[in-house]
Amino acid sequence: MPIDTTDTLTELFQEHRPMLLGVAYRMLGRAADAEDVVQEAWLRWTAEDRAEVREPRAFLVRITTRLAIDRLRQAQVRRESYVGPWLPEPVVTDFGPTAPDTAERALLADSVSLAVLVVLESLSPLERAVFVLREAFGFPYAEIATALDRSEAAVRQLAGRARRHVDEGKPRYDVDPTERRDLTERFLAAAAGGDLGGLLALLAPDVRLVGDSGGKSKAPLRIIESADKVGRFLHATARGADELFEFRFVELNGGPALLALVDGKPDSFFQVEVRDGRIQCVYIIRNPDKLQGLAGL
């Protein structure tokens, strides 16, 4: 198809930009990095010889994916020296008209959940790219092979390894947003109210608490496990929190979350994962660098 004008270039890029951001964020786990990758893809898009671009969508996905792979390799080296557990940067999830179907929305929400993104950290960059393009966005194997400059057989092997690894590593959480919201509200009331018994009743026996501060604020430097240890930690640190913080419920990473603000600025992010009516995992992010994008919510 001919692409002749600046307006056409811009319109085509903007049409695909939400998808490109979705791919880049799932690859990198950081909104700022995803934005940088998509901006670089835009620059390459505008500089490309128009005669060489027959399928704009395929071209943009290829460039974005390859840029994300390069940046991910650099990020993995930096994360080796990260202080404490590393969690993805939380992002607002509004799939809008890109996912009108309920099943498709559920798939997109799952692929951007903290639980899945944490597991994706253990994949190789190529495995992660194949998983994101295939599982989250449904790209055909042949198109993924072209994007990664690999054979279709090799891509299928990568997809199989990635899928098995994710299935093995991803906890089986319920995805009912109403139940998650209800348990999150009860979790907040019990923790802030100093109700240790009520808090313990909400936690699964093998519950885990994962805190991410990057060494820049107070948060556990190791994962805390078991209902007793998690409950007592939260009881000791959160009592009276409703007097110190303003709490807001927001939709982040495909599910309900709590945002704690101090003087109107994001201070902490809380999200729980649920199974069989109990909280299975508590995520806490207090690294200020990862909360900047939530200002104004």
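Read on for an overview of the structure. Sequence positions are assigned chain by chain, starting from 1 and proceeding in written order. In keeping with the model being predicted, local features are shown solely for residues with a pLDDT of at least 70 and side-chain atom pairs are shown and tallied solely at 80 or more, while totals for entire chains, interfaces and linings include all residues. Excluding hydrogens and water, the side-chain values take into account all heavy atoms of the structure.

Turning our eyes to something else, we now look at helix 6 (residues 125-136). Put simply, DSSP H or I for four residues or longer makes a helix, DSSP E for two residues or longer makes a strand, and each gets a number counted from the N terminus. One fewer than the residue count of a helix, multiplied by 1.5 Å, yields its expected span. For helix 6, built from twelve residues, the straight-helix expectation of 16 Å at 1.5 Å per residue is met to within 8% by its first-to-last C-alpha distance of 16 Å. In terms of burial, helix 6 is largely enclosed, as ten of its twelve residues are buried. Buried within helix 6 are the following residues: Pro-125, Leu-126, Glu-127, Arg-128, Ala-129, Val-130, Phe-131, Val-132, Leu-133 and Ala-136. Each residue's exposure class comes from its accessible area (1.4 Å probe, protein chains only) as a fraction of the maximum for that residue type: buried when under 20%, exposed when over 50%, partly exposed otherwise.

This part covers the pattern of salt bridges. One side chain can pair with another of opposite charge once the charged atoms of both are near each other. Any Lys or Arg side-chain nitrogen located within 4 Å of an Asp or Glu carboxyl oxygen qualifies as a salt bridge. Applying the stated criterion across every chain, the model contains 22 salt bridges. The closest approach of N and O atoms between Arg-275 and Asp-276, which form a salt bridge, is 3.9 Å. The class for Arg-275 is partly exposed, based on a relative accessible area of 26%. In this structure Asp-276 comes out as exposed when scored by relative accessible area, which is 65%. Among the ionic contacts, a cluster of salt bridges with common partners joins Arg-30, Asp-33, Asp-36, Arg-71 and Glu-89.

On to the packing of helix 6 against helix 7 (residues 141-148). The convention used is that axes are lines fitted to C-alpha atoms, helices contributing only their stretch in contact, and that angles between N-to-C directions extend from 0 to 180 degrees. Following both chains from N to C, one finds helix 6 and helix 7 inclined at 140°, their axes separated by 10 Å at the closest point. Crossing of helix 6 over helix 7 shows right-handed handedness. Facing Leu-126, Ala-129, Val-130, Leu-133 and Arg-134 of helix 6, the residues of helix 7 in contact are Tyr-141, Ile-144 and Leu-148. All residues other than Ala, Val, Leu, Ile, Met, Phe, Trp, Tyr, Cys, Pro, Asp, Glu, Lys and Arg, Gly among them, are scored as polar; the first ten of these are nonpolar and the last four charged. Looking at the contact of helix 6 with helix 7 residue by residue, the classes come out as seven nonpolar, no polar and one charged. Crossings are sorted by hand: turned counterclockwise from the far helix by less than a right angle, the near helix makes the crossing left-handed, and turned clockwise it makes it right-handed. Here, two residues are considered to be in contact whenever any of their heavy atoms come within 4.5 Å of each other.

It is worth spelling out the pairing of strand 3 (residues 246-252) at this point. Two elements, strand 3 and strand 4 (residues 255-262), share seven bridges in a ladder whose sense is antiparallel. When the bridges of strand 4 are listed, Phe-249 appears paired with Leu-258. Following strand 3, the chain reverses through two residues before pairing antiparallel with strand 4; Asn-253 in that reversal takes a positive phi of roughly 50°. Pairs of strands are assigned from DSSP output, requiring at least two bridges between the strands.

Turning our attention to the nonpolar core. Note on soluble globular proteins: their nonpolar side chains tend to be buried together. What we call a nonpolar core is a set of buried Ala, Val, Leu, Ile, Met, Phe, Trp, Tyr and Cys residues that are connected through their side-chain atoms within 4.5 Å. In this structure, Met-27, Trp-45 and Leu-120 are the most contacted members of the largest nonpolar core, which totals 48 residues. Sorting the residues of this core by element identifies helix 1 (6-28), helix 2 (31-47), helix 3 (56-79), helix 5 (114-120), helix 6, helix 7 and helix 8 (152-169) as the ones contributing at least two each. Per-element tally for this core: the top contributor is helix 1, with eleven residues. Counting 24 residues, the second largest nonpolar core, distinct from the first, contains Ala-190, Val-207, Ala-260 and Val-272.

Moving on: the environment of Val-119. Within the secondary structure, Val-119 is located in helix 5. Filtering out sequence-adjacent residues up to four positions away, Val-119 remains in contact with His-165, Val-166, Gly-169 and Lys-170.

Here the focus is the packing of aromatic side chains. Working definition: a ring pair exists when centres of Phe, Tyr or Trp rings (six-membered ring for Trp) sit within 6.5 Å. Plane angles under 30 degrees give stacked, over 60 give edge-to-face, the rest tilted. Across all of its chains, the model carries three aromatic pairs by this definition. Taking the centre distance of 5.1 Å and the plane angle of 65° together, the rings of Phe-13 and Trp-42 count as edge-to-face. Here Phe-13, found in helix 1, pairs with Trp-42, found in helix 2; they are 29 residues apart in sequence, far enough to count as distant. Geometry around Tyr-141 places Arg-134 over its ring, the cationic atom sitting 4.1 Å from the centre. Above the ring of Phe-249, the side-chain terminus of Arg-181 is found at 3.8 Å from the ring centroid. Two limits define a charge over a ring: the Lys NZ or Arg CZ must be within 6 Å of the ring centre, and within 35 degrees of the ring normal.

Attention now moves to the sheet that holds strand 1 (residues 203-212). Pairing is mixed across the open sheet formed by six strands, whose spatial order is 2-1-6-5-4-3. Looking at which strands have only one partner, the edges of the open sheet turn out to be strand 2 (224-225) and strand 3. Where strand 4 meets strand 5 (residues 265-275), five bridges bridge the pair, whose relative direction is antiparallel. Bridge assignment links Val-262 to a residue of strand 5, and that residue is Lys-265. Across the sheet, helix 9 (residues 177-192) lies against strand 3, strand 4, strand 5 and strand 6 (278-285), angled at about 120° from strand 5, the strand it touches most. Across the face of the sheet, helix 11 (residues 227-238) comes into contact with strand 1, strand 2 and strand 6 while running at roughly 50° to strand 1.

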